[in-house]
Amino acid sequence: LARVIVGSAVVVGSLLVGAACVATNFPVFTSDASVLHLLQVISPWLVLKLFTSSINYAVEGILLGLGEEVYLTTIHVINFTLMLGYSFAVRHYHLGFEGMWIGMALYQCLRVCEHIVRFSTRKPLQRQIDASLLSGNGLN
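All of the points below concern the structure found in this document. (Residues numbered from 1 in each chain as written. Predicted model: local features only at pLDDT ≥ 70, side-chain atom pairs only at ≥ 80, totals over all residues. Heavy atoms only, no water.)

1. Remarks on the overall build of the protein chain
In step 1: Each helix and strand in the protein chain was counted, giving five helices and zero strands.
In step 2: Going from the N terminus to the C terminus, the protein chain shows its helices and strands as α-α-α-α-α.
In step 3: In terms of overall size, the protein chain is more extended than a compact globule, its C-alpha atoms giving a radius of gyration of 19 Å where 140 residues would be expected to give roughly 14 Å.
In step 4: In terms of overall dimensions, the protein chain has C-alpha extents of about 65 × 35 × 20 Å along its principal axes.
In step 5: Buried residues in the protein chain amount to 31% of all 140 residues.
In step 6: Put simply, of all contacts in the protein chain between residues at least 6 apart along the chain, 70% involve residues at least 24 apart.
In step 7: When the accessible surface of the protein chain is split by element, carbon and sulfur atoms take 72% of a total near 8900 Å².
In step 8: Taken together, the 8 basic and 7 acidic charged side chains of the protein chain have centroids lying 6 Å from each other. (Helix = DSSP H or I, 4+ residues; strand = E, 2+ residues; numbered from the N terminus. Rg over C-alpha atoms; globule rule 2.2 N^0.38 Å. Buried < 20%, exposed > 50% of the residue type's maximum accessible area, 1.4 Å probe, protein only. Contact = heavy atoms within 4.5 Å. Areas by Shrake-Rupley, 256 points an atom, 1.4 Å probe, with all protein chains shown as cover. Lys, Arg positive; Asp, Glu negative; His and termini not counted. Charge placed at Lys NZ, Arg CZ, Asp CG, Glu CD.)

2. With respect to the packing of aromatic side chains
In step 1: Within the structure shown, the criterion is met by one aromatic pair.
In step 2: Pairing F97 with W101 gives two aromatic rings, centres 6.4 Å apart and planes at 70°, and the pair type is edge-to-face. With F97 and W101 both in helix α4 (residues 96-122), this residue pair falls four residues apart, about one helical turn.
In step 3: F97 gets classed as partly exposed once you look at its relative accessible area, which sits at 45%.
In step 4: With relative accessibility at 16%, the residue W101 sits in the buried group. (Phe/Tyr/Trp six-rings, centres within 6.5 Å; stacked < 30°, edge-to-face > 60°.)

3. Considerations on the packing of helix α2 (residues 33-65) against α4
In step 1: Two numbers describe how α2 lies on α4: the axes approach to 8 Å, and their chain directions differ by 30°. The orientation of α2 with respect to α4, classified from their angle, is roughly parallel. As for the relative orientation of α2 and α4, their crossing is left-handed in sense.
In step 2: Its residues placed into classes, the contact of α2 with α4 shows 19 nonpolar, five polar and four charged. (Axes fitted to C-alpha atoms, helices over the stretch in contact; angles between N-to-C directions. Parallel < 35°, antiparallel > 145°, perpendicular 65-115°, else oblique. Left-handed = near helix turned anticlockwise from the far one by under 90°. Nonpolar A, V, L, I, M, F, W, Y, C, P; charged D, E, K, R; others polar.)

The following block contains the structure:
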């Protein structure tokens, strides 16, 4: 089931990427040249953020279902602190709108990496399957 959920998230993320590419490369919502230029600049970061966000939301739902609330809370507090520091850096170094989008995209990539490490080191899915088999409940 976890593979189906993550696979579905990849499909949805890919569809969002396609929609974002259309919306940021064609004058769908505006014909203002400055806005279109800004969309062109942030487009790669928007695409990366949308794709990784869809995966993150699916994986975090799986982690919640596995009872990993403490891990998620801890990692979100740490990530929030990092993003707060990054926001101050964007302001201090005048990185502007593009800098914020870069930060949001990298934040989502960081979350994917954290979850990969969590699943590869802690094996929460395997522990859940083992517990179900030991209790005699099967894989309900």
